[in-house]
Amino acid sequence: MSGLLERLGALSPSRLAGIRRGIEKESLRSTHEGSLALTPHPAGLGSALTNPHVTTDFSESQVELVTGVHAGVDECLGELTRIHQFVLSEMSRDEVLWAGSMPCGLPTDETIPIGRYGSSNVGRAKSVYRMGLGHRYGRRMQTISGIHYNWSLPGLSNADYFALIRNFRRHSFVLLVLFGASPAVCSSFVAGRPHELQPLGANTHHLPYATSLRMGRLGYQSDAQATLAVSYNDLDGYALSLQDALTRPYPAYETIGIRNPGGEYNQLATTLLQIENEFYGTIRPKRVIDPGERPLHALRQRGVEYVEVRCMDLDPFEPNGIGADTVRFLDVFLLHCLLGDSAPDTPTEIAALARNQHRTAARGREPGLALERGGSEVALADWGAAIIDECAPIAAALDAAHGGSAYRDAQQKAAEGWRRPGTLPSARVLDAMVSEHGSAHTPFVLARSEAIAAELRARPLDPETHLYFAALAEGSIAEQRYLEANDTLPFEEFRQQYLDPARLG
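This report concerns the structure included in the present document. (Residues numbered from 1 in each chain as written. Predicted model: local features only at pLDDT ≥ 70, side-chain atom pairs only at ≥ 80, totals over all residues. Heavy atoms only, no water.)

**A short note on helix 4 (residues 121–137)**
Now for step 1: Here helix 4 is 17 residues long and its end C-alpha atoms lie 24 Å apart, about the 24 Å a rise of 1.5 Å per residue gives.
Now for step 2: Of all the 17 residues making up helix 4, 12 are buried; the element is thus mostly covered by neighbouring parts of the structure.
Now for step 3: Regarding helix 4, the residues found buried are Asn121, Gly123, Ala125, Ser127, Val128, Tyr129, Arg130, Gly132, Leu133, Gly134, Arg136 and Tyr137.
Now for step 4: Along its buried surface, helix 4 packs onto strand 2 (54–56), helix 5 (139–142), helix 10 (251–256) and helix 20 (491–498).
Now for step 5: Positive phi appears at glycine 138, one or two residues downstream of helix 4, with a value of about 90°. (Helix = DSSP H or I, 4+ residues; strand = E, 2+ residues; numbered from the N terminus. Expected span 1.5 Å × (residues − 1). Buried < 20%, exposed > 50% of the residue type's maximum accessible area, 1.4 Å probe, protein only. Contact = heavy atoms within 4.5 Å.)

**Some thoughts on the packing of aromatic side chains**
Now for step 1: Considering all chains together, one arrives at 15 aromatic pairs under this definition.
Now for step 2: Here the aromatic residues Phe168, Phe179, Phe329 and Phe333 are joined through ring pairs into a cluster of three or more.
Now for step 3: Lying over the aromatic face of tryptophan 383, arginine 373 brings its terminal NZ or CZ to 4.9 Å of the ring centre. (Phe/Tyr/Trp six-rings, centres within 6.5 Å; stacked < 30°, edge-to-face > 60°. Lys NZ or Arg CZ within 6 Å of the ring centre and 35° of its normal.)

**Regarding the side chain of arginine 359**
Now for step 1: Considering the arrangement of structural elements, one finds arginine 359 in helix 13 (residues 347–363).
Now for step 2: A polar side-chain atom of arginine 359 sits 2.7 Å from the main-chain carbonyl oxygen of alanine 370.
Now for step 3: Residues within four places of arginine 359 in sequence aside, it is in contact with Gly364, Leu369, Ala370, Leu371, Glu372 and Glu377. (Polar contact = N/O pair within 3.5 Å; in protein donor to acceptor, adjacent residues only side chain to side chain.)

**Section: the pairing of strand 11 (residues 370–373)**
Within a regular beta strand, the side chains point alternately toward one face of the sheet and then the other, so they alternate between its two faces.
Now for step 1: Where strand 11 lies against strand 12 (residues 376–379), 4 bridges are found, and the strand directions are antiparallel. Paired with leucine 371 across the strands is valine 378, a residue of strand 12.
Now for step 2: Once strand 11 ends, the chain turns through 2 residues before running back antiparallel as strand 12, passing glycine 374 with a positive phi of about 60°. (Pairing = 2+ DSSP bridges.)

**Examining helix 6 (residues 158–171)**
Now for step 1: Helix length check: helix 6, at 14 residues, gives a terminal C-alpha distance of 20 Å against a target of 20 Å (1.5 Å per residue), a fit within 8%.
Now for step 2: Across the 14 residues that make up helix 6, a large majority, 11, are buried.
Now for step 3: Along helix 6, the residues classified as buried are Tyr161, Phe162, Ala163, Leu164, Ile165, Arg166, Asn167, Phe168, Arg169, Arg170 and His171.

**Considering the sheet that holds strand 7 (residues 198–199)**
Now for step 1: Taken together, 3 strands build an open sheet; the order of strands is 6-8-7 and the sheet is antiparallel. Each edge of the open sheet is held by one strand with a lone partner, namely strand 6 (184–186) and strand 7.

**Quick look at the pairing of strand 5 (residues 147–152)**
Now for step 1: Counting buried positions along strand 5 yields 6 of 6 residues, so the element is predominantly enclosed.
Now for step 2: Alignment of strand 1 (residues 20–31) against strand 5, held across 6 bridges, turns out to be antiparallel. Among the inter-strand pairings, isoleucine 23 is bridged to a residue of strand 5, identified as tyrosine 149.
Now for step 3: Sheet topology places strand 5 next to strand 10 (residues 306–312); 4 bridges connect them, and they run antiparallel. Bridge pairing links isoleucine 147 to methionine 312 in strand 10.

**So, the environment of cysteine 186**
Now for step 1: Mapped onto the secondary structure, cysteine 186 falls in strand 6.
Now for step 2: Taking relative accessible area as the criterion, cysteine 186 reaches 6% and is therefore assigned buried.
Now for step 3: In this structure the C-alpha to C-alpha distance between cysteine 186 and glutamate 492, which are 306 residues apart in sequence, comes to 39 Å.
Now for step 4: Ignoring anything within four residues of it in the chain, the contact list for cysteine 186 reads Pro103, Cys104, Gly105, Asn203, His441 and Thr442.

**Considering unusual backbone geometry**
Now for step 1: If you check the backbone angles, asparagine 203 has positive phi at about 55° while not being a glycine.
Now for step 2: For asparagine 203, the location among the structural elements is in the loop between strand 7 and strand 8 (204–206).
Now for step 3: Not every positive phi belongs to a glycine, and serine 439 is a case in point at roughly 60°.
Now for step 4: Inspection of the secondary structure puts serine 439 in the loop between helix 17 (425–436) and helix 18 (441–457).

So this is what it looks like as structure tokens:
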């Protein structure tokens, strides 16, 4: 703790005020019956390929809302609210944005629509990549949605960011317990799959102490990627691990092949990872890339620019899927990860962290639950309480930099939630399902989705802001058409050139 306080004291208020953040929020479009909307991406939202604020993730039915980079928490969430309002204004009144991370009622796997991005090579590559994800992991898994939180602090080196990432991976169980909100699923999600979930109500399975099934064995997991023991000790080692996965043929994916007998593309590549984005993790080192540049090349050439936190569930009790207190605690928590001692990771620790994640996702509110640390077991409750307590001086320093007490309030709210796990989002979700919706997942999330849609539609955007987003949407369509008109390479040549291992260096 003394080292943490010393490093905190060395951060000036101006540097702390220099924290920047942005949010990416995924949401399925659902019908009022709680089933996946199978309609195309709404035309009024522009091109999913080129609109900077509204795109799609895996599925044509999965909207992704993207804020810009913000110095203020309220400004960031304010923009996210405005994007929500615009999206809802352009969506059919027959549809809502699904407020939960685990999906609504899903059709058969092969009928879940993959995102469509037009006929340009870049657009085709995005769709082929998603086709590959479907072949590799199934389309149902890809419909899981969440919040990605992008965060940076001025003046950090690559070594600083990797030290932060190592501690984040060690301590992210705290976030799963505090903010996990997916303790139950629609039974259509696990139909035909082995699982350890227990039946709850109609078409609903759950685990009684689960925090985030999204981050557990049924979520974004991959047996193939489990063979990767990616180290976060430095940029060079991380890059080499990723390059190996991007260039190593994987027998099961070689069996799928690049194309089917009819000539249609099954996937971009037969390697363990098609592209960098396929690598799953609770946090990623990131860098803004130039057009056509490989993300790994950008990292190697220009270093880490920010981190992307990927373990946050959608909170169905928050209109944006995430509230201001949660965002502020993330700021505090990330600083704690940065400022604490951060030993190098080892293959043994990496394997233990994966087990800790699965244990916390499935049983994080279970009394007496223990996690692995340093070769022995430690009580989750005690370990997490110590981390949250150590966040108090960090919250005070952020309040001193910004004024007010918002960060202290967020830290204290987290500490109170940790002491009273029955008040946490995952517990509240189960309580509301049982007491108000017949112990059923779909009616609960649908009710929250409709309430949020009604609330946001009741306070529409001012005309000037609506015109701004509408102009962006219109401009994005023109940009997509420009790309399509100016492609010169056949797609197969484009694919081979993009995936050339020399472009990873």
